[in-house]
There are 6 protein chains.
Amino acid sequence: MVYLTRRERFNAAHKLWVAEWSEEENFRVFGRCANKNWHGHNFELFVTVKGEPDPVTGFIINVKELGAIVREVITERVDHTNLNLDVDFIPKDVQPTIENLVMIFWRELEPHLRKRGVQLHCIKLVETENIYAEYFGPGG
Amino acid sequence: MVYLTRRERFNAAHKLWVAEWSEEENFRVFGRCANKNWHGHNFELFVTVKGEPDPVTGFIINVKELGAIVREVITERVDHTNLNLDVDFIPKDVQPTIENLVMIFWRELEPHLRKRGVQLHCIKLVETENIYAEYFGPGG
Amino acid sequence: MVYLTRRERFNAAHKLWVAEWSEEENFRVFGRCANKNWHGHNFELFVTVKGEPDPVTGFIINVKELGAIVREVITERVDHTNLNLDVDFIPKDVQPTIENLVMIFWRELEPHLRKRGVQLHCIKLVETENIYAEYFGPGG
Amino acid sequence: MVYLTRRERFNAAHKLWVAEWSEEENFRVFGRCANKNWHGHNFELFVTVKGEPDPVTGFIINVKELGAIVREVITERVDHTNLNLDVDFIPKDVQPTIENLVMIFWRELEPHLRKRGVQLHCIKLVETENIYAEYFGPGG
Amino acid sequence: MVYLTRRERFNAAHKLWVAEWSEEENFRVFGRCANKNWHGHNFELFVTVKGEPDPVTGFIINVKELGAIVREVITERVDHTNLNLDVDFIPKDVQPTIENLVMIFWRELEPHLRKRGVQLHCIKLVETENIYAEYFGPGG
Amino acid sequence: MVYLTRRERFNAAHKLWVAEWSEEENFRVFGRCANKNWHGHNFELFVTVKGEPDPVTGFIINVKELGAIVREVITERVDHTNLNLDVDFIPKDVQPTIENLVMIFWRELEPHLRKRGVQLHCIKLVETENIYAEYFGPGG
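*Asks:* Could you give an account of the overall build of chain A, with specific residues and numbers?
*Replies:* Looking only at helices and strands, chain A features three helices and five strands. Traced from its N-terminal end to its C-terminal end, chain A shows the element sequence β-α-β-α-β-α-β-β. With respect to the principal axes defined by its C-alpha atoms, chain A has extents near 60 × 30 × 25 Å. Taken over 140 residues, chain A has a buried fraction of 65%.

As structure tokens, this is what we get:
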């Protein structure tokens with residue numbers, strides 16, 4: 001098995017806010033991340049697939065095709081959006097934390113890669129230079 | 001003259017939108033940056049001062065004090081905010097582009113540094129790994 | 001399982017030196033790292049925890065709280081210190097190599113995270129842009 | 001077990017081209033990577049070994065020795081070369097993709113580390129800031 | 001004046017070789033950079049323009065348009081090429097060193113930016129993490 | 001004029017301490033940087049020279065030769081040292097702040113480059129990812 005990773009990027013706004021809680025409770029738990037008028041990040045998304053390189057092309061998957069799939073299925077749909085309001089595949093009642101986003105992105109992306117004959121290994125999402133989350137799938 | 005630079009960071013939402021223009025015109029000019037529900041970035045702010053190092057301490061200014069001033073005067077007031085709506089010193093009728101922000105940050109920060117006896121040399125603001133703006137003051 | 005990583009930083013002096021060895025032997029094995037008057041590094045510490053995101057907050061642990069724990073338990077106690085002399089939880093007869101430090105940091109940090117209900121997954125310590133060590137615990 | 005990683009770098013030319021295919025077919029599959037007169041990259045090679053730190057030195061292996069082995073066995077032989085034409089241990093009928101190179105580098109490097117009493121864990125090869133491959137050995 | 005910088009990237013092969021010199025002389029002066037079968041790099045190109053931000057849009061130039069111009073005029077024409085052989089605007093009798101390339105790129109790009117009403121300030125070309133060149137124009 | 005920059009790195013210990021001051025005063029001014037048993041950093045040194053590229057070689061100076069000079073004159077003499085105690089060309093009564101070090105490095109390096117026919121333009125010294133100093137010479 002060889003592992004191949006492609007990075008794509010997107011810039012988005014979000015906030016962390018539980019509708020059932022008071023404003024005070026939201027600020028106590030989420031701090032500045034609960035700012036009413038949102039804040040935002042440059043997100044870096046690393047998608048890792050695994051497989052045997054093709055004996056002729058040397059590719060697990062052409063990394064340009066991998067990039068095109070990731071952009072079409074994920075980053076084009078979240079780039080320059082509000083992650084709480086604008087993205088159809090992010091449930092409205094789920095906090096857009098990076099822990100939740102890596103699972104949501106996996107569910108969205110995995111079928112497209114499987115259909116293409118490629119095994120998804122890891123979704124990594126970097127929120128700042130100090131924070132990132134990783135997900136290796138439902139069995140991971 | 002020696003130049004000393006301090007980096008601080010903040011995460012914020014913004015959009016580019018001219019109220020006098022139609023939606024169509026805004027999207028034609030600003031593209032996705034006009035997304036109604038905002039988007040956001042991890043901004044990196046580099047503040048450069050210049051001067052002669054103190055013969056005893058070897059400091060132009062204690063870089064920790066410089067960081068504290070930049071945080072108090074700028075980054076604490078813009079971090080986890082919406083740059084269009086939430087920041088009192090960013091005029092509401094000015095687009096929060098990095099070109100405008102470096103001038104606005106200069107005007108806000110320079111008096112505090114001058115009062116402290118330090119000469120501001122440059123404000124650099126990095127919006128993504130591919131884009132940044134710099135300002136060297138009204139005479140620069 | 002989702003994995004969440006927090007980076008913290010510290011700057012410290014150290015040297016590699018076996019008291020039982022001659023100066024010649026120390027320099028033969030450790031080279032310049034045996035410099036009598038120490039040398040130092042900017043260390044980057046990556047702490048990875050794992051768990052199920054909370055269904056309400058979307059957090060494994062609030063990443064700010066994770067950062068606060070790492071700073072209180074580790075980085076505040078090693079930052080701007082001499083790792084051979086100044087840190088009570090680094091045994092005096094153990095070389096402060098990054099291989100040893102990741103195990104020492106694990107032992108120090110793991111109980112605090114377990115008490116908090118969080119499972120530590122990995123300690124990664126970066127010494128220079130070319131060198132880092134990782135530890136996944138006693139069973140890893 | 002502790003994991004220790006060393007980064008080395010090399011700059012090389014290559015192209016992706018299947019001799020049995022027409023020019024049209026090569027460009028359809030490989031795109032610009034099939035450019036007749038080559039293109040090139042700054043490659044970053046991360047070599048990870050694992051083991052128990054020596055109780056006296058605190059080393060799995062002296063990281064400088066690890067760097068010297070990686071340079072002698074791999075990077076000195078590929079740096080400033082053409083990966084298709086110039087490197088004796090890269091088979092001429094194998095595409096120099098990063099997926100193939102991580103396996104080829106493993107086969108070349110692993111015996112040298114085993115002879116030295118060190119267990120190779122991972123070969124990671126970064127081609128651009130957006131693309132990398134990893135290999136954990138024949139059983140990985 | 002505000003300065004705005006856009007980064008674009010390209011990957012290319014080249015070699016340093018003076019046709020009038022012997023092979024021995026070429027290797028004496030250029031070392032491994034004279035490798036007959038080429039080597040290559042990931043180049044990073046930073047283009048800095050200067051001007052007054054437009055009072056309505058806040059732009060010196062829309063940074064996406066700036067990127068499009070740089071890609072059309074420079075990086076699309078050098079990406080995945082051989083800088084010695086494939087690029088019409090790089091003279092065949094000039095060494096493709098970064099010192100020469102920043103001047104060649106300036107000559108190629110400046111008229112396009114001037115025609116667009118934008119003043120070019122600096123071309124910076126990064127060859128490796130350790131080496132870069134900058135050019136501020138014929139009067140710089 | 002073209003500007004060419006070479007990066008070299010060194011790791012060193014230092015502390016900030018004015019012998020004439022009390023311990024209390026030292027800690028008040030320098031904070032943790034006054035730690036008795038030192039602390040340390042990974043320093044990055046960027047040396048920029050300027051000139052006209054040679055019409056035959058395309059070099060201002062062969063960047064490998066520039067690196068060799070910087071290593072011989074500066075980094076080999078400060079790497080893995082204590083900047084307060086071990087380096088003959090750093091005066092003992094001068095604080096080893098980066099503001100002072102860029103001037104000291106300039107004085108040490110400039111004659112070697114001038115003798116070699118190369119004009120030194122800038123010394124930049126990066127202490128952490130958040131702090132750096134620059135010096136453009138006595139007239140700069």
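*Asks:* Now, about the relation of the copies chain A and chain B: what can you tell me, with residues and values included?
*Replies:* Mapping chain A onto chain B calls for a screw motion: a turn of 180 degrees about the axis and a shift of 0.0 Å along it, with 0.0 Å RMSD after fitting. Given the turn and translation reported, the copies of this chain are related as if by a two-fold rotation axis. Of all interface residues in chain A, 100% are interface residues in chain B too; the two copies therefore contact each other through one and the same surface.

*Asks:* Let's hear about helix H2 (residues 63–78) of chain B: which residues, and what values?
*Replies:* Residues and elements named next belong to chain B. For H2, with 16 residues, the first-to-last C-alpha span of 21 Å sits near the 22 Å given by 1.5 Å per residue. At Arg71, H2 shows its largest bend, some 50 degrees. Taken together, the buried positions of H2 are Val63, Leu66, Gly67, Ile69, Val70, Val73, Ile74, Thr75 and Val78.

*Asks:* Help me get a handle on the pairing of strand S1 (residues 2–14) of chain A, residues and values and all.
*Replies:* The element S1(A) is extensively covered by neighbouring structure, given that 12 of its 13 residues are classed as buried. As defined by bridge partners, S1(A) adjoins strand S5 (residues 131–135) of chain D across five bridges and the pair is classed as antiparallel. Each bridged residue has a counterpart across the sheet, and for A:Arg6 the counterpart in S5(D) is D:Ile131. Where S1(A) lies against strand S2 (residues 39–51) of chain A, 13 bridges are found, and the strand directions are antiparallel. Note that in S2(A) the partner of A:Arg6 across the bridge is A:Val47. As paired strands, S1(A) and strand S3 (residues 81–82) of chain A are joined by two bridges and run parallel to one another. Bridged to A:Ala12 within S3(A) is A:Thr81.

*Asks:* Got a sec to walk through the interface of chain A and chain B? Specific residues and values, please.
*Replies:* The interface of chain A with chain B comprises 26 residues on the first partner and 26 residues on the second. Both faces considered, chain A and chain B share a buried interface measuring about 2100 Å² in area, 38% of it formed by carbon and sulfur atoms. It is A:Arg32, A:Asn42 and A:His80 that lose the most area in chain A upon contact with chain B, and together they represent 31% of the buried surface on that side. The interface formed by chain A and chain B holds eight salt bridges in total. Across the pair A:Arg32 and B:Glu76 runs a salt bridge, and its minimum N-O distance is 3.1 Å. There are 23 residue pairs in polar contact (both at pLDDT 80 or more) connecting chain A and chain B.

*Asks:* Give me the relation of the copies chain D and chain E: which residues, what numbers.
*Replies:* Its rotation angle being 180 degrees, the transformation that places chain D on chain E also includes 0.0 Å of axial translation and leaves an RMSD of 0.0 Å. Take the interface residues of chain D: 100% of them recur as interface residues in chain E, which is what a same-surface contact looks like.

*Asks:* Tell me what's going on with the interface of chain D and chain E, and back it up with residues and numbers.
*Replies:* In this complex, chain D contributes 26 residues to the contact, which on the side of chain E involves 27 residues. Summed over both sides, the interface of chain D with chain E buries roughly 2100 Å², with 39% coming from carbon and sulfur. If you sort the residues of chain D by the area they bury against chain E, D:Arg32, D:Asn42 and D:His80 come out on top, with a joint share of 31%. At the boundary of chain D and chain E, one finds eight salt bridges. Where chain D packs against chain E, one counts 23 residue pairs in polar contact (both at pLDDT 80 or more). For the side of chain D that touches chain E, the secondary structure elements donating two or more residues are strand S1 (2–14), strand S2 (39–51), helix H2 (63–78), strand S3 (81–82) and strand S4 (119–128) of chain D. Classifying every residue of the side of chain D that touches chain E gives five nonpolar, 13 polar and eight charged.

*Asks:* Provide a residue-level description of the pattern of salt bridges, including the pertinent values.
*Replies:* Throughout the structure, instances matching the rule amount to 78 salt bridges over all chains. The partner of D:Arg28 in a salt bridge is D:Glu25, with the nearest N and O atoms 2.9 Å apart. With D:Arg28 and D:Glu25 both in helix H1 (residues 23–30) and three residues apart, the pair spans about one turn of that helix. For D:Glu25, a relative accessible area of 27% translates into the label partly exposed. Residues joined by salt bridges that share partners form a network here, namely A:Arg7, A:Arg9, A:Glu44, B:Glu129, D:Glu129, E:Arg7, E:Arg9 and E:Glu44.

*Asks:* Explain the environment of D:Gly51 to me, and be specific about the residues and the numbers.
*Replies:* All names here are of chain D. For Gly51, the position within the fold is in strand S2. On a C-alpha basis, the gap between Gly51 and Tyr3 in space is 6.8 Å, while along the polypeptide they are 48 residues apart. For Gly51, the contacting residues outside a window of four places in its chain are Met1, Val2 and Ile60.

*Asks:* Which residues make up the arrangement of the chains, and what values go with them?
*Replies:* Here chain B and chain C are not in contact; the least distance found between their C-alpha atoms is 14 Å. Chain D shows no contact with chain F. Their nearest C-alpha atoms sit 14 Å apart.

*Asks:* An account of the packing of aromatic side chains is requested, with residue identities and associated values reported.
*Replies:* Ring pairs (aromatic) are described by centroid distance and by the angle formed between their planes. A complete count under the given rule lists 48 aromatic pairs over all chains for this structure. Centroid distance C:Phe10 to C:Phe105: 6.0 Å. Interplanar angle 70 degrees. Geometry classified as edge-to-face. Here C:Phe10, found in strand S1 (residues 2–14), pairs with C:Phe105, found in helix H3 (residues 98–115); they are 95 residues apart in sequence, far enough to count as distant. Pair check on accessibility: C:Phe10 and C:Phe105 agree, each one buried. Here the basic side chain of A:Lys124 rests over the ring of A:Tyr132, its NZ or CZ set 4.3 Å away from the ring centre. Over the ring of B:Trp17 we find B:Lys15; its NZ or CZ atom is 5.2 Å from the centre of that ring.

*Asks:* So what's going on with the packing of H2(D) against helix H3 (residues 98–115) of chain D? Which residues, and what values?
*Replies:* All names here are of chain D. It is the contact of H2 with H3, at a shortest axis distance of 11 Å, that shows an interaxial angle of 150 degrees. With respect to each other, H2 and H3 are oriented roughly antiparallel. You can see that H2 and H3 cross each other, and the crossing is right-handed. Residues Leu66, Ile69, Val70, Val73, Ile74, Arg77 and Val78 of H2 lie in contact with H3, whose contacting residues are Phe105, Glu108, Leu109, His112 and Leu113. When grouped by side-chain class, the residues that make up the contact of H2 with H3 number nine nonpolar, one polar and two charged.

About the thresholds
Residues numbered from 1 in each chain as written. Chains lettered and ligands numbered in written order. Predicted model: local features only at pLDDT ≥ 70, side-chain atom pairs only at ≥ 80, totals over all residues. Heavy atoms only, no water. Helix = DSSP H or I, 4+ residues; strand = E, 2+ residues; numbered from the N terminus. Buried < 20%, exposed > 50% of the residue type's maximum accessible area, 1.4 Å probe, protein only. Least-squares fit on C-alpha atoms with pLDDT ≥ 70 in both. Contact = heavy atoms within 4.5 Å. Expected span 1.5 Å × (residues − 1). Bend = angle between axes of the 7 residues up to and from the residue. Pairing = 2+ DSSP bridges. Buried area = accessible area lost by both parts, 1.4 Å probe. Salt bridge = Lys/Arg side-chain N within 4 Å of Asp/Glu carboxyl O. Polar contact = N/O pair within 3.5 Å; in protein donor to acceptor, adjacent residues only side chain to side chain. Nonpolar A, V, L, I, M, F, W, Y, C, P; charged D, E, K, R; others polar. Phe/Tyr/Trp six-rings, centres within 6.5 Å; stacked < 30°, edge-to-face > 60°. Lys NZ or Arg CZ within 6 Å of the ring centre and 35° of its normal. Axes fitted to C-alpha atoms, helices over the stretch in contact; angles between N-to-C directions. Parallel < 35°, antiparallel > 145°, perpendicular 65-115°, else oblique. Left-handed = near helix turned anticlockwise from the far one by under 90°.

Shape descriptors only; they carry no functional weight alone.
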